[in-house]
Amino acid sequence: GLKHLCSSHPRWNFCYKPFGDKKTWHAARRTCRNLGAELVSIHSMKEQSWVESYLYLATSDVWTGLNDLGLPGMFMWSNEHIVTFTYWAPGEPNNHDGFSEDCVEMLHQTGRWNDVSCTELNTYICKI
Ligand code: GN1
Ligand code: CA
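Residues numbered from 1 in each chain as written. Chains lettered and ligands numbered in written order. Predicted model: local features only at pLDDT ≥ 70, side-chain atom pairs only at ≥ 80, totals over all residues. Heavy atoms only, no water.

S.K.: Honestly, the state of the cysteines in this entry has me stumped. Any pointers?
M.R.: Here is the idea: a disulfide is a covalent bond, and it sits between the sulfur atoms of two cysteines. On inspection of all chains with the given rule, the structure shows three disulfides. The partner cysteine of Cys32 in its disulfide is Cys126, sulfur to sulfur 2.0 Å. One disulfide, between Cys32 and Cys126, carries an S-S torsion of -85 degrees and so falls in the left-handed class. Here Cys126 lies in strand β8 (residues 122-127) and Cys32 lies in helix α1 (residues 25-34), a separation of 94 residues in the sequence. The two residues Cys32 and Cys126 agree in class, both being buried. The residue that forms a disulfide with Cys103 is Cys118, at a sulfur-sulfur distance of 2.0 Å. Between Cys103 and Cys118 the sulfur-sulfur dihedral comes to about 90 degrees; the bridge is accordingly right-handed. Pair noted here: Cys103 is in strand β6 (residues 103-106) and Cys118 is in the loop between β7 (113-116) and β8, with a separation of 15 residues, a long-range link. Pair check on accessibility: Cys103 and Cys118 agree, each one buried. Sequence-ordered numbering of the bonded cysteines in the chain gives a pairing of 1-2, 3-6, 4-5. (Disulfide = S-S within 2.5 Å. Helix = DSSP H or I, 4+ residues; strand = E, 2+ residues; numbered from the N terminus. Buried < 20%, exposed > 50% of the residue type's maximum accessible area, 1.4 Å probe, protein only.)

S.K.: Got a minute to help me understand the site of ligand 1 in this structure?
M.R.: In the vicinity of ligand 1, the residues found are Glu92, Asn94, His96, Glu101, Asn114, Asp115, Val116 and Glu120. Here an oxygen atom of ligand 1 sits 2.9 Å away from a polar atom, N or O, in the side chain of His96. Against a free-state accessible area of 440 Å², the protein chains account for coverage of 48% of ligand 1. Looking at the shell around ligand 1 residue by residue, the classes come out as one nonpolar, three polar and four charged. (Near = heavy atom within 4 Å. Polar contact = N/O pair within 3.5 Å; in protein donor to acceptor, adjacent residues only side chain to side chain. Areas by Shrake-Rupley, 256 points an atom, 1.4 Å probe, with all protein chains shown as cover. Nonpolar A, V, L, I, M, F, W, Y, C, P; charged D, E, K, R; others polar.)

S.K.: Would you explain the coordination of the calcium ion (ligand 2) in this entry?
M.R.: Geometry reference: four tetrahedral donors at a metal, ideal angle 109.5 degrees. Six octahedral donors, ideal angles 90 or 180 degrees. Around the calcium ion (ligand 2), the protein supplies Glu92 (OE), Asn94 (OD1), Glu101 (OE), Asn114 (OD1), Asp115 (O) and Asp115 (OD) as donor atoms, at distances of 2.3 to 2.5 Å. If you list the donors of the calcium ion (ligand 2) from N- to C-terminus, the spacing comes out as E-x1-N-x6-E-x12-N-D. Of this pair, Glu92 sits in the loop between β5 (74-77) and β6 while Asn114 sits in strand β7, and the two are 22 residues apart along the sequence. (Donors = N, O, S within 2.8 Å, 3.2 Å for Na, K, Ca; no water.)

S.K.: I would appreciate a short explanation of the environment of Tyr16 in the present structure.
M.R.: Turning to its location among the elements, Tyr16 is positioned in strand β2 (residues 15-23). Residues Tyr16 and Leu5 lie eleven residues apart in sequence; the distance between their C-alpha atoms is 5.4 Å. Within polar-contact distance, the side chain of Tyr16 engages the side chain of Glu47 at 2.6 Å.

S.K.: Just checking my understanding: could you explain the pairing of β6 for this structure?
M.R.: One face of the sheet, then the other: side chains in a regular strand alternate in exactly this way. A two-sided burial pattern is seen for β6, the buried positions comprising Cys103 and Glu105 on one face and Val104 and Met106 on the other. Relative to β7, β6 is paired through four bridges, and the arrangement is antiparallel. Looking at β7, one finds that Cys103 is bridged to Val116. (Pairing = 2+ DSSP bridges.)

Right, here's the structure in full:
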């Protein structure tokens, strides 16, 4: 499997585990939760850069926990943390696919975020 990386900062104490198999957003979330983890949430540029350091391994865009499944246009993290930082690609989020782009991927070329259909198949990163 892919390497498990942990931040050792005393107040920023997380481990991130990238998975190379491609799943729907809900299936990826289930895999993370079965490990006692969550799909990755990102709360600062520092954390964004940290997560981006995995992208050279990625063979597809990568699921994050961000979604607006609850209320259209109101993006939330799957771990229920509030959104304090975003890193959208230009023009995103755009509900491009018939107003049903409710899950957020990190584009593996740029690290920027894009809303897509939750049924897309992407690799994913769990955070614990
Ligand atoms: C992609 O493939 P296309 O252009 O119809 C993307 C959308 C983006 C759009 C940006 C499945 O749509 O979410 O908003 O590019 N859809 C997928 O141009 O990746
Ligand atoms: Ca989009």
